[in-house]
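Commentary on secondary and tertiary structure
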Amino acid sequence: MNWVLVFLFVFFRLCPISLSKVTISVTPTTVARSGDTVTVSWSNVDSPSELDWLGIYSPPDSRNDHFIGYKFLSSSPTWKSGSGSISLPIINLRSNYSFRIFRWTRDEINPKKHDHDHNPLPGTAHMLGESEGVGFGSGYGSEQIHLAYTDSEDEMRVMFIVGDKEGRKVSWGQRDGAWSHVAVARVVRYEREDMCDSPANTSIGWRDPGWIHDAVMTNLKKGVRYFYKVGSDSKGWSKTQSFVSRDGDSDNTIAFLFGDMGTAAPYATFIRTQEESISTMKWILRDIEALGDKPAFVSHIGDISYARGYSWLWDHFFAQIEPVASKVAYHVCIGNHEYDWPLQPWKPDWSYGVYGTDGGGECGVPYSLKFNMPGNSSESTGTRAPATRNLYYSFDVGAVHFVYISTETNFLPGSSQYYFIKHDLESVNRSKTPFVVVQGHRPMYTTSNENRDAPIRKRMLEHLEPLFVKNNVTVALWGHVHRYERFCPVNNFNCGSTWKGFPVHVVIGMAGQDWQPIWEPRPDHSDVPIFPQPERSMYRGGEFGYTRLVATKEKLTLSYVGNHDGEVHDMVEILASGHVLSGGVGVGDDAVTNIEMVGSTLSWYVKGASVLLLGGFMGYVLGFIAHARKRNATKGSWTPIKNEET
């Protein structure tokens, strides 16, 4: 029997924790809707450690190391007593949740297993306990509702997610409850096998994406508020939403534009999430509510959710934008983090340092199916995955013609996209839309130290800039660089001598993501920033935020709104003649107030349970592991626009 004693001695040396002692409970065990909060409570944790952590799992039978997120028990004020609780909202992933508590010791830290910020991921060798399952009630209706324009001005598209393929509808009318019209939704879905690389096609990154429903509301009157709901009698209906239809007879244009926003999550996970995205949505919602019955739309130019193969972050993203995207059309173009993968079809020799693995193996599939933009652009993936869509398209709103392009697929002469851009710009009716705004992800102009993208910028300058100049593009908006930067009217790196005739390029990738450290002076030249600001760069800002575009047939105003205060920090005005007024705060302030975009009565608070959920997200408490979150730059300070990581 000596071997039994030896075994027991070794077992208790390696496993000193009595798993049966730890109690975990969750309340409630059934939540009504996605985004509702649950509270996880525990007791009887012996010798509590700052490295004890709570794992979040969906589905409940996931492997220990396949959590969707984690929080350290030390985020509870009473954790040192061995008891405590953590409250957090949970997003409906179309499966139940469970929660597990683990002990992790310092000598078990594996530097080779780390998150996106190079913090080691917590170990799962010692599980102390597991909760019962937590689920969602039936009849909660459809979720992740978002609108988009179609190719017809009298239509509005609505898309949403449900957990099954049973038919759903959209009902709409001009009064709440007076559902005078109905349309059946088209249903699509993608599978794990459609993903092109890891982690998207592995069990650690894949989760059931649900069934994507797509319906179109037709024969809409111009500039009228419509009420709508989506779902079915048997499966439940969403709450009533509303939007204001496009008005082709109006000269007014209102849009909210940004890039690189991402999403926030109430826990740490394998990759960095974007807490500033909460503020971006909050301030845009404020502006939309101030509009009353004026139509507007949102433009998100690439790097949409930053899921990068961890599919549940798409669910977080759509839940976060729903308070905005259910009210106004939400338009997108593709970025590197939706698409790039090693075997992407178009990858010329000069681009191997440009296009990498930034898409996390998604190869554009979630982006292509979760959104449905105007036009019919598509490119084959060369795999079993569906074709990549929503690449390039255009539409008119008021006095502005908006063009979206793809910097991730072929834009060179001879390509279908080049032909589209050339033909589209040459066909603009400038008497109807005197302003033209082109949008794409990777910038043609930036003063950041972005060496990796130099080859693509060279081709854009060679092939696209002449089209922009020849066809009098008013503004070119870009993302990818996670800062705001506005240039003079520029061509071939030179400002227009008369301040007109060339496009104004503006980088607007400051909506949430933040790879960049603070710009700091060189030690031997304390008065010179790392990235010198040439004359063509009129304004650079390190503040998170978004831009607000307001136009009539006489003038277009683009304003940069900062997230820390919701105020305008930069502005440029462009007349229909092409003359560009000097930029800066205070120039033409009436451009916004004349159409009641902002006012002294605007609340600092946003309404609705969904927004309260967003505002309730807390910063992550990670014990001794400090996430490399970068402090927002103060107004007027030098901040770097980009480092080598995109």
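Note: the structure precedes this text.
Read on for an overview of the structure. Per chain, residue numbering runs from 1 following the sequence as it is written. Thresholds applied to this predicted model are a pLDDT of at least 70 for local features of residues and 80 or more for the giving and counting of side-chain atom pairs; totals over whole chains, interfaces and linings are not thresholded and use all residues. Excluding hydrogens and water, the side-chain figures rest on all heavy atoms present in the structure.

Each reported salt bridge corresponds to a side-chain nitrogen of Lys or Arg within 4 Å of a carboxyl oxygen of Asp or Glu. Across all of its chains, the model carries 25 salt bridges by this definition. Close ionic contact of Lys235 with Asp164 constitutes a salt bridge, the shortest N to O distance being 3.9 Å. Of this pair, Lys235 sits in the loop between strand S16 (225–232) and strand S17 (236–237) while Asp164 sits in the loop between strand S11 (156–162) and strand S12 (169–173), and the two are 71 residues apart along the sequence. Linking Asp287 and Arg548 is a salt bridge whose minimum nitrogen-to-oxygen distance equals 2.9 Å. Here Asp287 is found in helix H2 (residues 276–291), whereas its partner Arg548 is found in strand S32 (residues 545–551), with 261 residues between them in sequence. For Arg548, a relative accessible area of 2% translates into the label buried. Strands here mean DSSP runs of E at least two residues long; helices mean DSSP runs of H or I at least four residues long; both are numbered from the N terminus. For the exposure calls, accessible area comes from a 1.4 Å probe over protein chains only, and a residue counts as buried if that area is under 20% of its type's maximum, exposed if over 50%, partly exposed in between.

With that settled, consider the pairing of strand S34 (residues 568–575). Across the 8 residues that make up S34, a large majority, 6, are buried. Strand pairing is assigned whenever DSSP identifies at least 2 bridges connecting the two strands. Two elements, strand S33 (residues 555–562) and S34, share 7 bridges in a ladder whose sense is antiparallel. Of the residues in S34, the one forming a bridge with Thr557 is Glu573. The hairpin turn running from S33 into S34, its antiparallel successor, is 5 residues long, and Gly566 in that turn takes a positive phi close to 70 degrees.

Below, the discussion takes up the packing of aromatic side chains. Side-chain rings of Phe, Tyr and Trp (the six-membered ring for Trp) are treated as a pair once their centres are within 6.5 Å; stacked means planes under 30 degrees apart, edge-to-face means over 60, and tilted covers the remaining angles. In total, this model carries 41 aromatic pairs according to the counting rule given. A ring pair is formed by Phe297 and Phe395, whose centres lie 5.4 Å apart and whose planes are at 75 degrees; its orientation type is edge-to-face. Separated by 98 residues along the polypeptide, Phe297 in strand S20 (residues 297–301) and Phe395 in strand S24 (residues 393–397) bring together distant segments of the chain. When its relative accessible area of 6% is taken as the criterion, Phe395 is described as buried. The interplanar angle of 40 degrees and the centroid separation of 5.9 Å between the aromatic rings of Phe395 and Phe402 together place this pair among those described as tilted. For the pair Phe395 and Phe402, a shared accessibility class is recorded, and that class is buried. Put simply, the rings of Trp53, Tyr57, Phe67, Tyr70, Phe72, Phe102, Phe270, Tyr310 and Trp312 touch in pairs and so form one group of aromatic residues.

What follows concerns the environment of Met261. Structurally, the position occupied by Met261 is in the loop between strand S19 (253–258) and H2. Since its relative accessible area comes to 0%, Met261 is described here as buried. A C-alpha to C-alpha distance of 6.2 Å links Met261 and Ile304, two positions 43 residues apart in sequence.

So, about the nonpolar core. Within soluble globular proteins, side chains that are nonpolar generally end up buried alongside one another. In this structure, Phe99, Phe402 and Phe468 are the most contacted members of the largest nonpolar core, which totals 169 residues. Broken down by element, this core gets its largest block of residues, 9 residues, from helix H3 (residues 312–325). With sequence-adjacent residues up to four places away left out, Phe468 is seen in contact with Ile421, Leu425, Val438, Met444, Val473, Ala476, Trp478, Pro503 and His505. Grouping buried Ala, Val, Leu, Ile, Met, Phe, Trp, Tyr and Cys residues that are joined through side-chain atoms within 4.5 Å yields what is termed a nonpolar core. Working rule for contacts: check all heavy atoms of both residues, and any pair within 4.5 Å makes them a contact.

The next point concerns the sheet that holds strand S4 (residues 53–57). Taken in spatial order, the 4 strands line up as S5-S4-S7-S8 in an open sheet, and their pairing is antiparallel. Because the sheet does not close on itself, it has two edges, and the strands there are strand S5 (69–72) and strand S8 (126–130). Neighbour to neighbour, the strand axes of the sheet diverge by 30 degrees on average, direction disregarded. Across 5 bridges, S4 lies against strand S7 (residues 98–103) in antiparallel orientation. Residue pairing in the sheet places Trp53 in a bridge with Phe102 of S7. Axis lines are fitted through C-alpha atoms, for helices just across the contact stretch, and the angle between N-to-C directions can take any value from 0 to 180 degrees.

The quantities given are spatial measurements derived from coordinates; they are silent on function.
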